[in-house]
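Breakdown of the fold
Each chain, written out:
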Amino acid sequence: MILPNLEYAASEMFVAVAAMVLLMIGVFRGEGSARLVSALSILVLAAAAAITVWMSPGESRMAFAGMFVSNGYTTFLKVGILLASAVGIVLSVGYNAREAIERFEYPVLIVLAALGMMVMVSAGDLLSLYIGLELQSLSLYVIAAIRRDSVKSSEAGLKYFVLGALASGMLLFGASLVYGFAGTTAFAGLAAQLTGASAPSVGLVVGLVLVMVGLAFKVSAVPFHMWTPDVYEGAPTPVTAFFAAAPKLAAMGLFVSVLAGPFGGLVKQWSQIVIVLAIASMVLGAFAAIAQTNIKRLMAYSSIGHIGYALVGLASGTKDGYSAVLVYMAIYIVMTLGAFAVILAMQRSGRMVEEIGDLTGLSRTNPLMAAMMLIFMFSMAGIPPLAGFYAKLYVFLAAVEAELYFLAVIGLVTSVVGAYYYIRIVKVMYFDEPEDALDPRPGRDLGAIQFVAGMATLLFFLFPSLLVGAADTAVFSLTGG
Amino acid sequence: MILQAIAFYLFAFIAVAAAVMVVTARNPVHSVLFLVLTFFNAAGLFVLTGAEFLAMILVIVYVGAVAVLFLFVVMMLDINFVELREGFQRYLPIGGLIAAILLGEIVFVGGIWAVAPEVRGALTERVPEGSALTNTEMLGRLLYTKYVYLFQLAGMVLFVAMVGAIVLTLRQRPGVRKQKIGEQVRRRRDETVELKQVRPGEGV
């Protein structure tokens, strides 16, 4: 048999075929089919998550001549990616209909982006990594510019495209250097060469650094974050919500698996860079967000800060650290999607508003939504016993165990600074006099997402072992014991 | 052997000279035409190394499609290239500095380049003699076996590009008269032509 182990890529093949079928349905049913295609896309993503779990092998399995890897780690990430993408579509349905940008291609592009992310995290070779990354990015560029009549949205798409192309170029240049010096692009081959190597060649390290630059751009770590605030502000809000969730998880998961897998032998070299990225992201995320008045820009800086905290776990270079990254990203996604469900519900007489000041007096006009936003903001600030506190706790514990004390201290200081702007939103909601009340009723779908995310954030402390155990098993299958 | 060397230097020289002309030519249409010349000579170099498939692909894809597309763009978009060039003088110092730094770094990296011993063997090794496979067949076999995953995914990337282009540019405009061949053919004479009796000396 030429292609053994094909069954491990079953969910990818399913998603690829389903995306084409969905597009066909949209094309043949015409303009009014956006709602139907959205609903079917959500079903497809959920089914793909089920297939991923069902087909998940216990230990690492390769397919397609080593280009594709499937193990517990990829399963963990793929389930997260698929569910976050599905929620991204749910968030978009009502908004797109209201703003008259309802198009059936939108959910199809999200499904294709999800396919790209699945390919990325399953990459067993620098080539498949790159193609997956491009598939994901290309879909995201189009989605960012989906409101093509708005200058801001087109600008967001173009900016993202140009800078993303530059980052892809860096990554490719790095990959070609790695190939030139190591003679292979396969992760297994690189890992075999680099473990126990006394002095890696400088060229290989330069290649690794350039690959890291490309990946740091995708997770929007400082100093490769410039695009984030503009793209987040310019893109339509449900697109921003999607950008802040699934692609971040995928890129971060890829970052961990590339550094811990093939380049695991170079941990001394890359951990310095990750430390710099982490510190810069945490500091910028904390200080730059203070001056923001637009809540989408605030969320952009907040996401940069959160990436910094997640990178702290990666910098420790230990199994506990990698597991902490996964836990952090999972909790971050839940909080972010919940917070965006609140932001999407911010309308005044049918029009979207996105200034922080528009939230004034929300506690009186819509106490339930205000309470949910309170949970998300306190959790992002890291206040116990909410989920965000545990996320930070695991990350900092891993850093302390790896004797990176200064990193943990900087993290603590910046999270205190960051708490200011999260708590300011709570203050605006609860203590400021309401001026113009927001429209009281969000859609049922938004309310449900707010509620589920809020409960998950609030009650995480009762069952932390569910997520932490899953992350530990995932990392175990990545590093192989 | 000498003939091959002459051919190599001829192709290489013209390729480099044409490439220089691409960036220095004042008229953008001339630039594109020189680009076509560069592609042709690069294809010649591929033929010399025994990669006839790549040579053909280069001519068909780059000359036939990409360069002609460039030509269309240059002719249809009224870009003022003189204006674009105005910044050249102004940005030369900083651009030159960055280029010099990059060059220095590449030389630095290249200086410590160590070629793995097996690479040297692979370089001198020609296409396995005596095997009945042509380049095209070999590439095809590789693409559909070892690299089938990447090949299919590259197809998905192109698919996304196509969908994206349609999403961002196709507009449904109302009131546009389109050709409906069925209706046009189905028209009968008495639906469209009316005979009027016009008497002499009166209008219609």
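Let me begin by describing the structure that accompanies this report. On a predicted model such as this, the values are computed, not experimentally measured, just so you know. (Residues numbered from 1 in each chain as written. Chains lettered and ligands numbered in written order. Predicted model: local features only at pLDDT ≥ 70, side-chain atom pairs only at ≥ 80, totals over all residues. Heavy atoms only, no water.)

Examining the overall build of chain A
Note the threshold: In this text, helices come from DSSP runs of H or I with a minimum length of four residues, and strands from runs of E with a minimum of two, each type numbered from the N-terminal end. For a compact globule the rule gives 2.2 Å times the number of residues to the power 0.38, and the radius of gyration it is set against comes from C-alpha atoms. Under the scheme applied here, a residue whose accessible area is under 20% of the maximum for its type counts as buried, over 50% as exposed, and between as partly exposed, the area being computed with a 1.4 Å probe on protein chains only. The contact definition used throughout considers only heavy atoms, calling two residues in contact when any of these lie within 4.5 Å. Throughout, the Shrake-Rupley method with a 1.4 Å probe supplies accessible areas, and for residues the shown protein chains are the sole cover considered. The convention is simple: Lys and Arg are positive, Asp and Glu are negative, and His and the chain ends are not counted. We put the charge of a Lys on NZ, of an Arg on CZ, of an Asp on CG and of a Glu on CD.
Each helix and strand in chain A was counted, giving 19 helices and four strands. A compact globule built from 481 residues would reach a C-alpha radius of gyration of about 23 Å, and chain A, at 21 Å, matches this within 12%. For chain A, with 481 residues in total, the buried portion stands at 61%. Restricting to contacts in chain A with at least 6 residues of sequence separation, those with at least 24 account for 80%. Entry remark: accessible area of chain A is about 16,800 Å², with carbon and sulfur atoms responsible for 69%. Distance from the positive charge centre (24 side chains) to the negative charge centre (26 side chains) of chain A: 2 Å.

Notes on the nonpolar core
Where we set the bar: In this text, buried Ala, Val, Leu, Ile, Met, Phe, Trp, Tyr and Cys residues form a nonpolar core when linked through side-chain atoms within 4.5 Å.
Among the nonpolar cores identified, the biggest contains 195 residues, and A:Phe255, A:Trp270, A:Leu311 and A:Leu314 are the most heavily contacted of them. Broken down by element, the residue count for this core peaks at 19 residues, all from helix α13 (residues 319-344) of chain A. Membership of the second largest hydrophobic core comes to five residues, among which are B:Val22, B:Leu35, B:Val63 and B:Ala67.

Side note on the pattern of salt bridges
Residue and element names in this part refer to chain A. What counts is decided by this rule: Definition used for salt bridges: Asp or Glu carboxyl oxygen within 4 Å of a side-chain nitrogen of Lys or Arg.
On inspection of all chains with the given rule, the structure shows 14 salt bridges over all chains. In this structure, Arg-297 engages Glu-233 in a salt bridge whose closest nitrogen and oxygen atoms are separated by 2.6 Å. Of the two residues, Arg-297 is situated in helix α12 (residues 295-316) and Glu-233 in helix α9 (residues 227-234); the sequence distance between them amounts to 64 residues. The class of Arg-297 is buried, set by a relative accessible area of 18%. Given the relative accessible area of 16%, Glu-233 is considered buried. By sharing partners, the salt bridges in this structure join Lys-152, Glu-155, Lys-159, Asp-230, Glu-233 and Arg-297 into a single network.

Topic: the side chain of A:Asn294
Residues and elements named next belong to chain A. Structurally, Asn-294 is set in the loop between α11 (267-288) and α12. Residue classification places Asn-294 among the buried residues on the basis of a relative accessible area of 6%. Ignoring sequence-local partners within four residues, the contact set of Asn-294 consists of Glu-233, Glu-354, Glu-355 and Ile-356.

What about the interface of chain B and chain A?
Under the convention used in this document: Accessible area that two parts lose when put together, evaluated with a 1.4 Å probe and summed over both, is termed the buried area. Nitrogen and oxygen atoms within 3.5 Å of one another constitute a polar contact, given that in protein one can donate a hydrogen and the other can accept it, and given that sequence-neighbouring residues count only through two side-chain atoms. In this classification, the charged set is Asp, Glu, Lys and Arg, the nonpolar set is Ala, Val, Leu, Ile, Met, Phe, Trp, Tyr, Cys and Pro, and all remaining amino acids, among them Gly, are polar.
Contacts between the two partners involve 26 residues from chain B, matched on the other side by 32 residues from chain A. Approximately 2,700 Å² of surface area, both sides summed, lies buried where chain B meets chain A, with 83% of it carried by carbon and sulfur atoms. The partner of B:Arg171 in a salt bridge is A:Asp149, with the nearest N and O atoms 3.0 Å apart. Counting across the chain B and chain A interface gives four residue pairs in polar contact (both at pLDDT 80 or more). The greatest single-element share of the side of chain B that touches chain A, amounting to 16 residues, is contributed by helix α7 (residues 148-169) of chain B. Residues belonging to the side of chain B that touches chain A are distributed by class as follows: 20 nonpolar, four polar and two charged.

Some thoughts on unusual backbone geometry
All names here are of chain A. A cis amide bond links Val-222 to the next residue, Pro-223, at an omega of 5°. Structurally, Pro-223 is set in the loop between α8 (202-219) and α9. For Ala-65, which is not glycine, the phi dihedral falls at a positive 55°. Residue position: Ala-65 is located in the loop between β1 (61-63) and β2 (68-70). For Ser-220, which is not glycine, the phi torsion reads 55° and is therefore positive. Counting through the fold element by element, Ser-220 comes out in the loop between α8 and α9. Taking the relative accessible area as the measure of exposure, Ser-220 reaches 0% and is therefore buried.

Digging into a nonpolar patch on the surface
Residue and element names in this part refer to chain B. The condition that has to hold: Put simply, a patch holds well-exposed residues, over 30% relative accessible area, that have no salt bridge, with like charges counted together within 9 Å and Val, Leu, Ile, Met, Phe, Trp or Tyr side chains within 5 Å.
Residues Val-68, Leu-69, Phe-72, Val-73, Met-75, Met-76 and Leu-77 make up a contiguous nonpolar surface patch of roughly 720 Å² in combined accessible area. The residue Val-68 is located in helix α3 (residues 52-76) in this model. Given a relative accessible area of 33%, Val-68 falls into the partly exposed group.

Side note on the packing of aromatic side chains
Each aromatic ring pair is specified by the distance between its two centres and by the angle formed by the two planes. Residues and elements named next belong to chain A. Quick note on the threshold: Pairing of aromatic side chains requires ring centres within 6.5 Å, counting the rings of Phe and Tyr and the six-membered ring of Trp. Pairs whose planes differ by under 30 degrees are stacked, by over 60 edge-to-face, and all others tilted.
In total, this model carries 18 aromatic pairs over all chains according to the counting rule given. Measuring from ring centre to ring centre gives 6.5 Å for Tyr-390 and Tyr-394, while their planes differ by 40°; the resulting arrangement is tilted. Remark: Tyr-394 and Tyr-390 occur in helix α16 (residues 387-401); sequence separation between them is four residues, near one turn of the helix. The partly exposed category is assigned to Tyr-394, whose relative accessible area is 22%. One aromatic cluster in this structure is built from Tyr-141, Tyr-160, Phe-161, Phe-217, Trp-227, Phe-242 and Phe-243.

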